[in-house]
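Chain residues, written in single-letter form:
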Amino acid sequence: VQLQASGGGLVQAGGSLRLSCATSGFTFSNSAMSWFRQAPEKEREFVAAISRSGGSTKYADSVKGRFTISRDNAKKTVYLQMNSLKPEDTAVYHCAARFDLSSSPPERARQYDYWGQGTLVTVSS
């Protein structure tokens, strides 16, 4: 199983980035996908999740209206479009996967089975 996150970088406040997470080794179309982030000296926190079909999404309140999660089952890839970035969005962003046939993707980290290595997003003020 592999989850390879990419697309992080340094951006000014108000800017945008698009993260990608390319996957292999499991049945992507039967899996809920999510993004979590961890800032220095802080706990890992939920950012967004999407159901296997893409029909249901969930967001942390802190990113609602600014971030959009999406997926391409043919490419086995999940994305996170991040707009209006703020310095407090600075963190390492991890994608995660869970075999889940339901229409409601989980929000708790412990519910996810597979994790990527993360990509660093730095937002300067």
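Structure: see above.
Residues numbered from 1 in each chain as written. Predicted model: local features only at pLDDT ≥ 70, side-chain atom pairs only at ≥ 80, totals over all residues. Heavy atoms only, no water.

This part is about the side chain of Thr77. Residue position: Thr77 is located in strand E8 (residues 77-82). Of the polar contacts made by the side chain of Thr77, one reaches the backbone oxygen of Lys75; its length is 2.9 Å. In contact with Thr77, not counting residues within four places along its chain, are Ser20, Cys21, Ala22, Phe28, Ser70, Arg71 and Asp72. (Helix = DSSP H or I, 4+ residues; strand = E, 2+ residues; numbered from the N terminus. Polar contact = N/O pair within 3.5 Å; in protein donor to acceptor, adjacent residues only side chain to side chain. Contact = heavy atoms within 4.5 Å.)

Looking now at the sheet that holds strand E1 (residues 2-6). Sheets are built from strands paired through backbone hydrogen bonds, the pairs being either parallel or antiparallel. The sheet built from four strands is open, its strands ordered E1-E3-E8-E7 with antiparallel pairing. Lying at the two open borders of the sheet, with one neighbouring strand each, are E1 and strand E7 (67-72). Averaged over all neighbouring strand pairs, the angle between strand axes comes to 15°, with direction disregarded. Strand direction decides the pairing type here: E1 and strand E3 (residues 17-24), joined by five bridges, are antiparallel. Paired with Gln2 across the bridge in E3 is Ser24. (Pairing = 2+ DSSP bridges. Axes fitted to C-alpha atoms, helices over the stretch in contact; angles between N-to-C directions.)

Once that is clear, we can look at the state of the cysteines. Inspection of every chain in the model, using the stated rule, returns one disulfide. The side chain of Cys21 participates in a disulfide bridge whose partner is Cys95; the two sulfur atoms lie 2.0 Å from each other. Because the torsion about its S-S bond is 60°, the bridge between Cys21 and Cys95 counts as right-handed. Residue Cys21 is located in strand E3, and its partner Cys95 is located in strand E9 (residues 91-99); the two are separated by 74 residues in the primary sequence. (Disulfide = S-S within 2.5 Å.)

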